[in-house]
Amino acid sequence: MNAAPITLWTHALAALLFGTLALSQWRGGGVLPRAPFLAGLFATALWALAVAGLDARDVATRLAECARNLTWLWLMYSLARREPNDRAWPSVRAVYAAVAVVTIGCGILALGSVMVNDARAVLALLRTRLLLQMLGATGALILVNRLRQGSVWRRHSGERMAIVALAMMWSTDLLVFASAWLTGHWPAGLIDLRGAVMVALTPLFSLAVQRADERKMQASRTVALLSLAMVAVALYVAVTALATAIIGSVGGSYARVVQTALIFGTTAALLALVSTPWTRAWARVLVSKHLFSHRYDYRTEWLRFTETLGAPGTHEASPLDVRVVKAVADLTDSPRGLLLLPDGAALGTASAWNWPDAPSTDQPDERLFVHLAATGRIIELDAVRAGTADPADQGCVSRWLRDDEHAWVIVPLRHLGQLAGAVVLARPAINRALDWEDFDLFGVAGRQAASYLAEAGAHAALADAQRFDEFNRRFAFIMHDLKNLVSQLTLVARNAERHADNPAFRADMVATLTDSSDRMNALLARLSQHHASRAEKPQPVPLLALAERIAAGRRAQHPVTASGDPGALALADPGALETLISHLVQNAVEASAAGAEVQLIVSAADGKASITVADHGRGMSPAFVRDQLFRPFVSGKPGGFGLGAFEARQLAEGMGGSISVSSREGAGSSFRVALPLAPRTMGGMELAA
């Protein structure tokens, strides 16, 4: 009888995989005994090939199965002999011998079934062989469990993988044989499952043969969980199929209804069980505890930890405080957490993640802060409640943390010897005591999270410093402008003593005082923290009119004249341009002798409109012009702020212009401000006053 397509493909694939693995291990290596392991691989490949090419019930297939079972028993026996000082070894050896005899007996019965022509005798031999096969599989599982409890399981991960694979193989065999014995026929679905299980065991055997000096391929916990889930689903399907088959044979007319209720009820119960957080947590703990040498997959945990901390967009733009709690809580599958941050010399509640009824206190916790800052110890709150914790830990935990049974552990966040905060985690779904791996991981994660909090604090401090710096820069410019106004008013007051009787001087003095008052009010407005200097939209500015207005405002202070091209229109911000020229005029007045004329000369050429401020004062050296003139807080005048030329150039460059300087010591200086010439198409626009 030919095999079904699924049986053919699953067993053919298993034969190919086991044969390939056997050939790849021909030269030896790994931690498993070489001879029995190779024999087991080749025998399994031969048996799977026989199932695919012949049939699971063919005598050759049954003999190949006996050979497969004997070789794997040989491997288990070789592993068991590695147990040092096993007092029960004589009894264990007897069990191995008994299972081997039972397996050989199954082969003899398989041969006998083809030599007997009586149908009743064949059926009796079949049922006897099934009982022996169930007995052999049960004995093999007992021996596997013996290996699981010994030192072989703890010694090397490769041996653990082989033991797990053998346990799955014998369990599947027991299920198939029990189903066949109970139902009286070979269940095709379970035979297909048997081939699929053998295919799934190939990766486990591959992991079992890794050499210690080679780069190892390690199965992740995700793969292990998925494999466990697949095995569980397969077992569920097999058990359900077996149960429905039994019900069908004894249920009579109501068999179909009972089968439907069974399938529906068990499926619903399984889905409800799998959907609970407790089940998922239990599965992760089971896999980590029994299949891996470490509790945590450190690579995966660290990638998730840093992703949570550094990528707020993936977590609904949560603030850093909440992301810190979530990142630490995810390490142990804690469902919620609480962040405590320093409040002076104490710890106060800052934020909570997924913990609406988190414990809290009205007063910051000083004792906890002092203890964590000094020791950096991770505190297990269950030990504190039980009175078994370190006395220092016992004394620093306040009642508000003791009273909440959900609070599980306190993780300090230390950065460069300073306490940046602490995270209180809630108890995970699978409650357990903390071990050295938890403490090590919490310690590293706490330092990393603390660095993020410290960096955020540094950024906040830098932002504050930048705001203060911007305010200081604004204040420095205002002080410079105020100094210019004070100098201007001082000269007006000095000249008033000599020209107070002159009506024209009095008119100029009133204009100067009015202008100075307006400018001081503008300076006060600029000091406001809500003030932000916004440049006006560039517009045509008649430079000669601007120069004449500035000259008229200085008339009571110092002789200033304006001349040049009346048609020169600059494209500029009127207010910024007036401030710029006023700075240069003030510098020229201060550099000139009393009565020495300061000239404002307006011109337009080569697409530029320019205004030149020229004086006949003391002048500047080329080195000063090149290296010092436009640097802030550097001045060639006693008591000067050194900001006039610096702000003037910033204003000019902000309007797309430039400032050039020509100066000679003892002969005076000339500052030329060049700005973009207003296009002719803008000539009809309203000119800036």
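What you see is a predicted model; the values in this text were computed from it and never measured.

## A word on the overall build of the protein chain
At step 1: The secondary structure content of the protein chain amounts to 23 helices and 12 strands.
At step 2: Considering the protein chain as a whole, with its 689 residues, one finds that 44% of them fall into the buried category.
At step 3: Pairs at least 24 apart in sequence give 70% of the contacts found in the protein chain among residues at least 6 apart.
At step 4: Accessible surface, the protein chain as shown: approximately 34900 Å² in total, 61% of it carbon and sulfur.

## Concerning the side chain of Ser 351
At step 1: Relative to the helices and strands, Ser 351 is located in strand β2 (residues 347-353).
At step 2: By relative accessible area, Ser 351 is classed as buried at 15%.
At step 3: When near neighbours in sequence (up to four residues on either side) are disregarded, Ser 351 contacts Asp 321, Val 322, Leu 338 and Leu 339.

## Here we look at unusual backbone geometry
Glycine aside, residues mostly have negative phi, and peptide bonds are mostly found in the trans state.
At step 1: With a phi angle near 60°, Asp 333 is a residue other than glycine that sits in the positive phi range.
At step 2: Along the polypeptide, Asp 333 turns up in the loop between α13 (320-331) and β1 (337-342).
At step 3: For Leu 416, which is not glycine, the phi dihedral falls at a positive 55°.
At step 4: Within the secondary structure layout, Leu 416 lies in the loop between β4 (407-415) and β5 (418-426).
At step 5: You can call Leu 416 exposed: its relative accessible area is 76%.

## What to know about the sheet that holds β4
Adjacent strands of a sheet form backbone hydrogen bonds with each other and so pair up, either parallel or antiparallel.
At step 1: Spatially, β2-β1-β5-β4-β3 is the arrangement adopted by the 5 strands of the open sheet, whose pairing is antiparallel. What marks the edges here is a single partner per strand, and that holds for β2 and β3 (379-380).
At step 2: The pairing of β3 with β4 spans 2 bridges and is classified as antiparallel. The residue bridging Ile 379 from the neighbouring strand is Ile 410, located in β4.
At step 3: The strands touched by α13 within the sheet are β1, β2, β4 and β5, with β2 carrying the most contacts at an inclination of about 75°.
At step 4: The sheet strands contacting helix α14 (residues 366-375) are β1, β2, β3, β4 and β5, and the helix crosses β4 at an angle near 55°.

## Overview of the sheet that holds strand β9 (residues 598-605)
At step 1: Strand order in this open sheet of 5 strands is β7-β9-β10-β12-β11, and the pairing throughout is mixed. Lying at the two open borders of the sheet, with one neighbouring strand each, are β7 (560-564) and β11 (658-664). Within this sheet the neighbouring strands show an average axis-to-axis angle of 15°, counted without direction.
At step 2: Pairing between β7 and β9: 5 bridges, direction parallel. Along β9, the bridge assignment pairs Gly 564 with Val 602.
At step 3: Here helix α20 (residues 543-554) sits on the sheet in contact with β7, β9 and β10 (608-614), set at roughly 170° to β7.

## With respect to the packing of aromatic side chains
At step 1: All told, the structure shown has 7 aromatic pairs when counted by the stated rule.
At step 2: Between the aromatic rings of Phe 37 and Phe 205, the centroid separation amounts to 6.1 Å while the plane-to-plane angle is 50°, which identifies the pairing as tilted. Of this pair, Phe 37 sits in helix α2 (residues 34-53) while Phe 205 sits in helix α8 (residues 188-208), and the two are 168 residues apart along the sequence. Of the two residues, Phe 37 and Phe 205, neither departs from the other in class, the shared state being buried.
At step 3: Between Trp 302 and Phe 305, the aromatic rings sit 5.1 Å apart at their centres with planes inclined by 20°, giving stacked as the arrangement. Of the two residues, Trp 302 and Phe 305 are both situated in helix α12 (residues 298-310); the distance of 3 residues between them amounts to about one turn of the helix.
At step 4: Just above the ring of Trp 47 sits the side chain of Arg 68; from NZ or CZ to the centre is 4.6 Å.

## A word on the nonpolar core
At step 1: Grouped together as the largest cluster of nonpolar side chains are 51 residues, with contacts concentrated most on Trp 72, Met 76, Leu 166, Trp 170, Leu 201 and Phe 205.
At step 2: Mapped by element, the contributors of at least two residues to this core are α1 (5-24), α2, α3 (59-80), α4 (89-115), α5 (119-149), α6 (151-155), α7 (157-183) and α8.
At step 3: No other element matches the 10 residues that α8 contributes to this core.
At step 4: If sequence neighbours within four positions are ignored, Leu 166 has contacts with Trp 72, Leu 75, Met 76, Val 144 and Phe 205.
At step 5: Core analysis: the second largest hydrophobic core is formed by 38 residues, Leu 577, Ile 611, Phe 671 and Val 673 among them.

## Here's the deal with the pattern of salt bridges
At step 1: With the rule as written, the count across this model stands at 9 salt bridges.
At step 2: Among the ionic pairs, Lys 326 bridges to Asp 330, the shortest N-O distance being 2.8 Å. Highlighted residues: Lys 326 and Asp 330, both in helix α13, separated by 4 residues, approximately one helical turn.
At step 3: Relative accessible area serves as the criterion here: at 13%, Asp 330 is assigned to the buried category.
At step 4: Among the salt bridges present, the one from Arg 377 reaches Asp 393, with a minimum N-O distance of 2.8 Å. Highlighted residues: Arg 377 in the loop between α14 and β3 and Asp 393 in helix α16 (residues 391-396), separated in sequence by 16 residues.
At step 5: On the basis of relative accessibility, which here comes to 35%, the residue Arg 377 falls in the partly exposed class.
At step 6: Judged by its relative accessible area of 4%, Asp 393 is buried.
At step 7: One salt-bridge network, in which partners are shared between bridges, spans Glu 65, Arg 68, Asp 173 and Arg 194.

## Describing the pairing of β1
At step 1: Bridging between β1 and β2 involves 6 bridges; their strand directions are antiparallel. Among the inter-strand pairings, Leu 339 is bridged to a residue of β2, identified as Ser 351.
At step 2: Once β1 ends, the chain turns through 4 residues before running back antiparallel as β2, passing Gly 344 with a positive phi of about 70°.
At step 3: Bridge count for β1 against β5 is 4 bridges, and the pairing is antiparallel. Paired with Leu 340 across the bridge in β5 is Ala 422.

Cut-offs used in this document
- Residues numbered from 1 in each chain as written.
- Predicted model: local features only at pLDDT ≥ 70, side-chain atom pairs only at ≥ 80, totals over all residues.
- Heavy atoms only, no water.
- Helix = DSSP H or I, 4+ residues; strand = E, 2+ residues; numbered from the N terminus.
- Buried < 20%, exposed > 50% of the residue type's maximum accessible area, 1.4 Å probe, protein only.
- Contact = heavy atoms within 4.5 Å.
- Areas by Shrake-Rupley, 256 points an atom, 1.4 Å probe, with all protein chains shown as cover.
- Pairing = 2+ DSSP bridges.
- Axes fitted to C-alpha atoms, helices over the stretch in contact; angles between N-to-C directions.
- Phe/Tyr/Trp six-rings, centres within 6.5 Å; stacked < 30°, edge-to-face > 60°.
- Lys NZ or Arg CZ within 6 Å of the ring centre and 35° of its normal.
- Core = buried A, V, L, I, M, F, W, Y, C linked by side-chain atoms within 4.5 Å.
- Salt bridge = Lys/Arg side-chain N within 4 Å of Asp/Glu carboxyl O.

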